[in-house]
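Now for the letters of each chain:
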Amino acid sequence: MQKITLSDFHESIGGKMVDFAGFYMPVRYSSDKEEHLAVRNSVGVFDVSHMGEFLLKGKGALDLIQKVTSNDASTLFDGKIQYSYLPNETGGVVDDLLVYRVSEEEYLLVVNAGNIKKDWDWISKYNTEGVEMTDLSPETSLFAVQGPNAVKTLQKLTDIDLSTISYYTFVKGKFAGHEDILISATGYTGAGGFEIYLPNAIAEEVWKKIFEAGAEFDIKPIGLGARDTLRLEMGYCLYGNDITDETSPLEAGLGWVTKFTKEFTNSAALKAEKEAGLKRKLVAIEIIDKGIPRSHYEICTADGEKIGEVTSGTMSPTLNKGIALGYVSAAYSKVGTEVYIKIREKLTAAKVVKLPFVAQNV
């Protein structure tokens, strides 16, 4: 199990530590609900330094990205970010990721912690033109400062006008007394806020400065537990649950970042799948009766016929009701369709709803 730079620090301030994707990470500090509502209503900080960062440089960098990712990175401009995924050769997903355009020949890829080696090896396999690749993950810390008071908190630490950093863009500049810090606005919570990429050497110092700046807003450290409930309220996919090496990205609702205007890994097969019509779809489900849906619970018809399976589920702290993502047969995927979740062998009434479960604030 690998430690991130602040693993011991998080433990010292009361973080309950767990093994997550091979990293020693804080799952919670107080309670998932308290931390969840802190982000929705004010501001909280996630240490997500376990995430992976790859720098691709050179004339062929864009061509390589175009080859291995589903979205069209040619539409990016300096300071723009794009959500995308790495298709595999058998119809599934190697990983989902973010693509940052630093300059015409320089891109930063941000990948999931559990897939760092897999993604590196996958991209390297297609790097036939000698693009310079650097794994920045071991030397990079990453804080996600999320919530409606994130701007007021962080603005105290920089002369950069944070209100000008629109959704899915980034800037580099002076932050908390340090030069060349990358600040982006992507978010995984739907509550608004920023990500701060910084060298490990200054991680603890910057963390403490952020908390000093946010003290008036009752800023809180937030663990992985609340990160999961926050992202689920938005309907954001989690790799390993909702998308995997075996799941179709089109069935997962990622058609909007699948651009058939270019050729990429397995694009012909994915295009054929789309044209043939999808057999199942990832849908959002809200519990009508009482009950908490969990991963792998069966999704059924009223008479108990299995039509799918839950991939992510929880009790929504914002809505105080059970919510889930899950794959169902395409015939049952329309918004408003009544379905049932089998919870402890009991069929619990639910319905297919439109995402997000909770209104987004960006």
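Below or above, wherever it landed, is the structure these notes cover. Please read these numbers as outputs of a predicted model, since none were measured by experiment. (Residues numbered from 1 in each chain as written. Predicted model: local features only at pLDDT ≥ 70, side-chain atom pairs only at ≥ 80, totals over all residues. Heavy atoms only, no water.)

**What about the overall build of the protein?**
Here comes step 1: A count of helical and extended segments in the protein gives eight helices and 20 strands.
Here comes step 2: The principal-axis extent of the C-alpha atoms belonging to the protein is close to 65 × 50 × 40 Å.
Here comes step 3: The 362 residues of the protein split such that 58% are buried.
Here comes step 4: Expressed as a percentage of contacts within the protein between residues at least 6 apart in sequence, the contacts between residues at least 24 apart total 65%. (Helix = DSSP H or I, 4+ residues; strand = E, 2+ residues; numbered from the N terminus. Buried < 20%, exposed > 50% of the residue type's maximum accessible area, 1.4 Å probe, protein only. Contact = heavy atoms within 4.5 Å.)

**Some points on the nonpolar core**
Here comes step 1: One finds F46, L98, Y100, L108, V110, I243 and L254 to be the most contacted residues of the largest nonpolar core, which totals 45 residues.
Here comes step 2: At the level of elements, α2 (32-41), β6 (81-87), β7 (93-103), β8 (106-111), β10 (140-146), α7 (224-234), β15 (280-287) and β18 (321-329) are the ones that each hand at least two residues to this core.
Here comes step 3: The biggest single contributor to this core is α7, with four residues.
Here comes step 4: For F46, the residues in contact, after removing those within four places along its chain, are V39, L142, F143, A144, Q146, T189, W207, I222, G223, R227 and L230.
Here comes step 5: V45, I165, I202 and A203 belong to the second-largest nonpolar core, a separate cluster that totals 30 residues. (Core = buried A, V, L, I, M, F, W, Y, C linked by side-chain atoms within 4.5 Å.)

**Observations regarding the environment of G214**
Here comes step 1: Relative to the elements of secondary structure, G214 occurs in the loop between α6 (203-213) and β14 (220-222).
Here comes step 2: Taking the relative accessible area as the measure of exposure, G214 reaches 0% and is therefore buried.
Here comes step 3: Not counting residues up to four positions away in its chain, the partners in contact with G214 are T153 and I219.

**Some details on the packing of aromatic side chains**
Here comes step 1: Per the counting criterion, the structure on display carries eleven aromatic pairs.
Here comes step 2: Ring centres of Y100 and F170 lie 5.2 Å apart, and the angle between their planes is 50°; on these two criteria the pair is classed as tilted. Of this pair, Y100 sits in strand β7 while F170 sits in strand β11 (residues 170-175), and the two are 70 residues apart along the sequence.
Here comes step 3: What makes Y100 buried here is its relative accessible area of 0%.
Here comes step 4: Given the relative accessible area of 8%, F170 is considered buried.
Here comes step 5: Seen in terms of ring centroids, W122 and Y126 are 5.5 Å apart; in terms of plane orientation they differ by 55°. Their pairing is tilted. Highlighted residues: W122 and Y126, both in helix α4 (residues 116-126), separated by four residues, approximately one helical turn.
Here comes step 6: Through a chain of ring-to-ring contacts, the aromatic side chains of F9, F143, W207 and F211 assemble into a single cluster.
Here comes step 7: Positioned over the ring face of W122 is K125, at 4.1 Å from the centre of the ring.
Here comes step 8: One cation-aromatic arrangement involves R280 over Y327; the distance from NZ or CZ to the ring centre is 4.1 Å. (Phe/Tyr/Trp six-rings, centres within 6.5 Å; stacked < 30°, edge-to-face > 60°. Lys NZ or Arg CZ within 6 Å of the ring centre and 35° of its normal.)

**What about the side chain of T229?**
Here comes step 1: If you trace the backbone, T229 turns up in helix α7.
Here comes step 2: At a separation of 2.7 Å, a polar atom in the side chain of T229 contacts the side chain of H36.
Here comes step 3: For T229, the contacting residues outside a window of four places in its chain are H36, T314 and P317. (Polar contact = N/O pair within 3.5 Å; in protein donor to acceptor, adjacent residues only side chain to side chain.)

**Looking at α6**
Here comes step 1: Buried residues of α6: A203, V206, W207, I210, F211 and A213, and no others. Down the axis of α6, the buried set is contained in an arc of 160°. They therefore lie on one face. (Arc of directions from axis to C-beta.)

**Some points on the packing of α2 against α7**
Here comes step 1: It is the contact of α2 with α7, at a shortest axis distance of 8 Å, that shows an interaxial angle of 55°. Relative to α7, the element α2 is oriented oblique. Once α2 is placed against α7, the crossing between them reads as right-handed. For the pair formed by α2 and α7, the contact residues are D32, E35, H36, V39 and R40 on the first element and G225, A226, T229, L230, E233 and M234 on the second. (Axes fitted to C-alpha atoms, helices over the stretch in contact; angles between N-to-C directions. Parallel < 35°, antiparallel > 145°, perpendicular 65-115°, else oblique. Left-handed = near helix turned anticlockwise from the far one by under 90°.)

**Quick notes on the sheet that holds β10**
Here comes step 1: The six strands lie next to each other as β11-β12-β13-β10-β4-β14, forming an open sheet whose pairing is mixed. Strand pairing shows two members of the sheet lacking a second neighbour, β11 and β14, which therefore form its edges. Here the average twist between neighbouring strands, direction ignored, is 30°.
Here comes step 2: Direction of pairing for β11 relative to strand β12 (residues 178-184): antiparallel, over a ladder of five bridges. Counterpart to V171 in the pairing with β12 is I183.
Here comes step 3: The strands touched by α2 are β4 (44-47), β10 and β14; relative to β14, the strand with the most contacts, the crossing angle is about 115°.
Here comes step 4: Relative to the sheet, α6 contacts β4, β10, β11, β12, β13 (193-199) and β14, its axis offset from that of β10 by approximately 10°. (Pairing = 2+ DSSP bridges.)

**Topic: unusual backbone geometry**
Here comes step 1: Cis geometry marks the peptide bond from L355 to P356, where omega comes out at -5°.
Here comes step 2: Mapped onto the elements of the fold, P356 is located in the segment after β20 (346-353).
Here comes step 3: Phi is positive for D218, close to 55°, though the residue is something other than glycine.
Here comes step 4: Looking at the secondary structure, you find D218 in the loop between α6 and β14.
Here comes step 5: Exposure remark for D218: the relative accessible area of 47% places this residue in the partly exposed category.
Here comes step 6: Phi is positive for N320, close to 55°, though the residue is something other than glycine.
Here comes step 7: In this structure, N320 sits in the loop between β17 (306-316) and β18.
Here comes step 8: The class for N320 is exposed, based on a relative accessible area of 51%.

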